[in-house]
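Listed below are the residues making up each chain.
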Amino acid sequence: FRSLPTIERSIGIGAVAVAFLAPLLFSTFFVSFVLTQALWLGIAAASVIFLSAYGGMVSLAQVALYGIAGFALGNVVTTESNGLNLGWDPWLGVLLGIVIATLVGLLFGALASRSTGIYFLMITLTYAVIANAFFGQVVTFSGFGGISSIHPPELIGSPETNPFRLYYAALIVALVVYMLIRYVLRTPFGRVLQGVRDDPV
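Thresholds, definitions, all that
Residues numbered from 1 in each chain as written. Predicted model: local features only at pLDDT ≥ 70, side-chain atom pairs only at ≥ 80, totals over all residues. Heavy atoms only, no water. Helix = DSSP H or I, 4+ residues; strand = E, 2+ residues; numbered from the N terminus. Expected span 1.5 Å × (residues − 1). Buried < 20%, exposed > 50% of the residue type's maximum accessible area, 1.4 Å probe, protein only. Contact = heavy atoms within 4.5 Å. Polar contact = N/O pair within 3.5 Å; in protein donor to acceptor, adjacent residues only side chain to side chain. 1 Å grid on protein atoms, 1.4 Å probe; cavity = no way out; pocket = protein on both sides within 12 Å on 5 of 7 lines; lining within 4 Å. Points joined across faces, edges and corners; volume = space filled by probe spheres on them. Nonpolar A, V, L, I, M, F, W, Y, C, P; charged D, E, K, R; others polar.

Asker: Please clarify how helix 4 (residues 90–112) should be interpreted in this entry.
Answerer: At 3.6 residues per turn, the α-helix brings residues three or four places apart onto the same side. For helix 4, which comprises 23 residues, the first-to-last C-alpha distance of 32 Å matches the rise-based estimate of 33 Å (1.5 Å per residue) to within 8%. Taken residue by residue, helix 4 has Pro 90, Gly 93, Gly 97, Ala 101, Phe 108 and Ala 112 as its buried positions. On its buried face, helix 4 sits against helix 3 (62–77) and helix 5 (117–137). Here helix 4 starts with a cap whose side-chain oxygen sits 3.0 Å from the backbone nitrogen of Trp 91, and that cap is Asp 89.

Structure representation (structure tokens):
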């Protein structure tokens, strides 16, 4: 936060304070169905903005990676839905979702690494379309109806009975992602990424 001007820092601290008090200020419906989903989608948007602003790469595959992680989690934790129904521990499903999405992201990046500009954008759009078509048509992993009855970790509990736990989990993850992005920008990798943006050659 030290590099931000005082006014921006104050606005940021105020926004975080309001976010933590949201369950006291807003209805359960608004917190559960608007704020929680806004935080989850904001994490995906942060990755798009990070790549665009600091790497000079406009990627449309970020939501595909987001979906792949979610489908990996859904396939391994459910027991009575579409998909594999493995019934594993939810925390193992979270870890597996992150690992699989990271590996797929590395594959996507390796295939698109030599392209720039509109070509990079179109290749990553193709990845998103392929991921959507795959999970929409392959019944073994999802099918058109998607995966339902996903059991979250016990710490979060059921969103129906404990809606605010999921909200706070999303808020904490969003804050961690924000701080991680700010940290990466100050590392040598972050400096090199900005250098590539300014001079791709």
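Asker: Help me out: how do you make sense of the environment of Thr 161 in this one?
Answerer: Tracing the backbone through its elements, the reader meets Thr 161 in the loop between helix 5 and helix 6 (163–186). At a separation of 3.3 Å, a polar atom in the side chain of Thr 161 contacts the side chain of Asn 162.

Asker: Quick question: what am I supposed to make of the layout of surface pockets here?
Answerer: One simple way to see leftover space: roll a probe sized like a water molecule over the atoms. By volume, the second largest pocket amounts to about 590 Å³. Looking at the lining of the second largest pocket, the elements with two or more residues in it are helix 1 (6–25), helix 2 (28–55) and helix 6. For the lining of the second largest pocket, the element with the highest residue contribution is helix 6, accounting for 9 residues. Taken together, the residues of the lining of the second largest pocket break down into 18 nonpolar, 2 polar and 1 charged.

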